[in-house]
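Fold and contact review
Spelled out from the first residue to the last, the chains are:
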Amino acid sequence: MTDHHTPHPPHGSDSSDTSDAEAGLRDRWHDTLVAARAGAEGPDPLPYAENLLARWAEPQRRYHTTAHLSTVLDRVDTLAGHADDVHAVRLAAWFHDAVYRPDRSENEERSAALAERALPEAGVPDAAVAEVARLVRLTVTHDPADGDRNGEVLCDADLAILAGGPQEYAAYAAQVREEYGFVPDEAFRAGRAAVLQQLLDLPRLFRTPYGAAEWEARARHNLATELELLTSSGPEIGTGTG
């Protein structure tokens, strides 16, 4: 990872809170990267953390910020016992939206390619790098194959916001609408409705036992409610997924 990014505090955040949160994320990155190396030597983890955190704090982001990264990592911790390789899942969480431009469609591919460049240099074995990149690409569809336990954990963690309470879900939806502020209302509503319907058409939104039990029903209620509002000329409330 050689390109430089200047960090920006996430929209509406207090700088001291942001600093504390980023310090915690740096520690989490260090521990995850060292564990993923499986005893191999490697360079200082800190520059990689700084590059990734700068990416997650870019000014075009409103939902896909370091707060989202932290939340996904927390959800991975909740689901860790289901994963076959939780270190790979955690690395994939770090990279899954590391490249994010709301006006482009290849974000997941570019994020996976970034992982494929950075992680070998950082000392991660080739097999683990390949798994991380595969998991990042899986977030295009959030539809892991049966038995893909790592994929199930990452996708469930990324989509867990859909099961938020009313205020949390409304804030998420509003933030993602801000990210798509360049899209006219009519086009946005049509595109967002298509995304919601695609999610609702999945046989299951959540594949882990915990996700299925704790998040599925509430997420489907939230998605169906938003879809109804978008298609009935009601108030506009959101776009995007995790």
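**Quick word on empty space enclosed by the protein**
By the definition in use, this model includes one cavity of 30 Å³ or more. Size it by volume and the largest cavity reaches roughly 40 Å³. Every residue along the wall of the largest cavity is listed here: Tyr63, His68, Thr71, Val72, Arg75, Ala157, Asp158, Ala160, Ile161 and Glu168. Mapped onto the lining of the largest cavity, the elements with two or more residues apiece are helix H3 (66-79) and helix H7 (149-159).

**Overview of the pattern of salt bridges**
Considering all chains together, one arrives at 18 salt bridges under this definition. A salt bridge links Asp77 to Arg90; the nearest nitrogen and oxygen atoms lie 3.0 Å apart. With a gap of 13 residues between them, Asp77 in helix H3 and Arg90 in helix H4 (residues 86-95) connect regions that are remote in the sequence. With its nearest N and O atoms 2.7 Å apart, the salt bridge here joins Arg220 to Glu216. Of this pair, Arg220 and Glu216 both sit in helix H11 (residues 216-231), separated by four residues, roughly a single helical turn. For Arg220, a relative accessible area of 22% puts it in the partly exposed group. Residue classification places Glu216 among the buried residues on the basis of a relative accessible area of 13%. Each of Arg28, Asp74, Asp77 and Arg90 takes part in a single network of salt bridges with overlapping partners.

**Section: the confidence of the model for the protein**
The predicted coordinates of low-pLDDT regions are not to be read in fine detail. Model confidence for the protein is summarised by a mean pLDDT of 90, while 88% of its residues fall at 70 or above. pLDDT under 50 marks residues 2-13. Its contacts with residues more than four places away, or in other chains, come to 18 contacts. Note that pLDDT drops below 50 for residues 234-240; the model gives that stretch 29 contacts with residues more than four away or on any other chain.

**A short note on the packing of H3 against H4**
The interhelical angle for the contact between H3 and H4, taken along N-to-C directions, is 165°, at an axis separation of 9 Å. Overall, the two elements H3 and H4 adopt an arrangement that is roughly antiparallel. Crossing hand, H3 versus H4: right-handed. Residue-level contacts link Leu69, Val72, Leu73, Val76 and Asp77 of H3 to Val86, Val89, Arg90, Ala93 and Trp94 of H4. Of the residues assigned to the contact of H3 with H4, the class counts are eight nonpolar, no polar and two charged.

Conventions used here
- Residues numbered from 1 in each chain as written.
- Predicted model: local features only at pLDDT ≥ 70, side-chain atom pairs only at ≥ 80, totals over all residues.
- Heavy atoms only, no water.
- 1 Å grid on protein atoms, 1.4 Å probe; cavity = no way out; pocket = protein on both sides within 12 Å on 5 of 7 lines; lining within 4 Å.
- Points joined across faces, edges and corners; volume = space filled by probe spheres on them.
- Helix = DSSP H or I, 4+ residues; strand = E, 2+ residues; numbered from the N terminus.
- Salt bridge = Lys/Arg side-chain N within 4 Å of Asp/Glu carboxyl O.
- Buried < 20%, exposed > 50% of the residue type's maximum accessible area, 1.4 Å probe, protein only.
- pLDDT = per-residue confidence, 0-100.
- Contact = heavy atoms within 4.5 Å.
- Axes fitted to C-alpha atoms, helices over the stretch in contact; angles between N-to-C directions.
- Parallel < 35°, antiparallel > 145°, perpendicular 65-115°, else oblique.
- Left-handed = near helix turned anticlockwise from the far one by under 90°.
- Nonpolar A, V, L, I, M, F, W, Y, C, P; charged D, E, K, R; others polar.

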